Amino acid sequence: QVQLVESGGGLVQAGASLRLSCAASGRTFSSYAMGWFRQAPGKEREFVAAIRRSGGITYYADSVKGRFTISRDNAKNTVYLQMNSLKPEDMAVYYCAATTGLPTVNYYDYAYWGQGTQVTVSS
C-alpha cells in the first residue's frame, strides 16, 4: 500500500501560479504511476494530469495542457503539479492518486488517493 498526502493549495488570483506536492509513503514510490485529479463543487472528479513510473511520459487534460506540468522525484517519493496561468475554472479540490498499472484518465483505475488540497482562484 501507499499513503498519499497533498499540500500546496491555497487562494490565488487569476493568472498566478501554484505548485502542488504529493508526498508518498509506504511501498516503493517508483512502483506507481501517479495522477492528479480535481473536483469542483457539484461536478464529477476529472482527470488533470498523469505520469508514468519513470517520469518519462506525461499526460494532460486538454483544459490544462500548456499551463500545468506534472513531474515526480522518485528519490523524494513526491509528485508535483506546477500550475501556471490559473483560471477561475481551475478552482477545485485537487487529489493525487496512485496506480500500479499504466496511468489513465479514469479515476476508478487508481487504487490509492490522498485527502485533497483546495485550490481557489479569484477573478
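Refer to the structure presented above.
Residues numbered from 1 in each chain as written. Predicted model: local features only at pLDDT ≥ 70, side-chain atom pairs only at ≥ 80, totals over all residues. Heavy atoms only, no water.

A.B. asks: Outline the packing of aromatic side chains, supporting the account with residue identities and numerical values.
C.D. replies: Tallying each qualifying case throughout the model produces 7 aromatic pairs. With a centroid separation of 5.8 Å and 90° between ring planes, the pair formed by Y32 and Y112 is classed as edge-to-face. Pair noted here: Y32 is in the loop between β3 (18-26) and β4 (33-39) and Y112 is in strand β10 (residues 112-113), with a separation of 80 residues, a long-range link. Residue Y112 is classed as partly exposed on the basis of its relative accessible area of 21%. A ring pair is formed by F37 and W113, whose centres lie 5.2 Å apart and whose planes are at 55°; its orientation type is tilted. Of this pair, F37 sits in strand β4 while W113 sits in strand β10, placing them 76 residues apart in sequence. Members of the aromatic cluster, connected to one another through ring pairs, are F37, F47, Y95, Y110 and W113. A cation sits over an aromatic face here: R45 above Y95, 3.9 Å from the ring centre. (Phe/Tyr/Trp six-rings, centres within 6.5 Å; stacked < 30°, edge-to-face > 60°. Helix = DSSP H or I, 4+ residues; strand = E, 2+ residues; numbered from the N terminus. Buried < 20%, exposed > 50% of the residue type's maximum accessible area, 1.4 Å probe, protein only. Lys NZ or Arg CZ within 6 Å of the ring centre and 35° of its normal.)

A.B. asks: Kindly report on the nonpolar core, identifying the contributing residues and their values.
C.D. replies: Note on soluble globular proteins: their nonpolar side chains tend to be buried together. Residues M34, W36, L81, M83 and Y94 are the most contacted members of the largest nonpolar core, which totals 34 residues. Mapped by element, the contributors of at least two residues to this core are β1 (2-7), β3, β4, β5 (46-51), β7 (68-73), β8 (78-83), β9 (92-99) and β11 (117-122). Not counting residues within four places of it along the chain, the set of residues in contact with L81 comprises L18, R19, L20, W36, V48, A49, F68, T69, I70 and Y94. (Core = buried A, V, L, I, M, F, W, Y, C linked by side-chain atoms within 4.5 Å. Contact = heavy atoms within 4.5 Å.)

A.B. asks: Run through the pairing of β8, naming residues and quoting values.
C.D. replies: Judged by how many residues are buried, β8 sits mostly within the fold: 5 of 6 residues are covered. Where β3 meets β8, 6 bridges bridge the pair, whose relative direction is antiparallel. Across the sheet, R19 pairs through a bridge with Q82, a residue of β8. Here 6 bridges tie β7 to β8, and the two strands are oriented antiparallel to one another. Bridge assignment links D73 to a residue of β8, and that residue is T78. Between β7 and β8, which follow one another and run antiparallel, lie 4 residues, and N77 among them has a positive phi close to 55°. (Pairing = 2+ DSSP bridges.)

A.B. asks: Describe unusual backbone geometry, naming the residues involved and giving the relevant values.
C.D. replies: A negative phi angle characterises most non-glycine residues, just as the trans form characterises most peptide bonds. The phi angle at N77 is positive, at roughly 55°, despite the residue not being glycine. Among the secondary structure elements, N77 is positioned in the loop between β7 and β8. Even without being glycine, S85 reaches a positive phi, approximately 50°. Mapped onto the secondary structure, S85 falls in the loop between β8 and β9.

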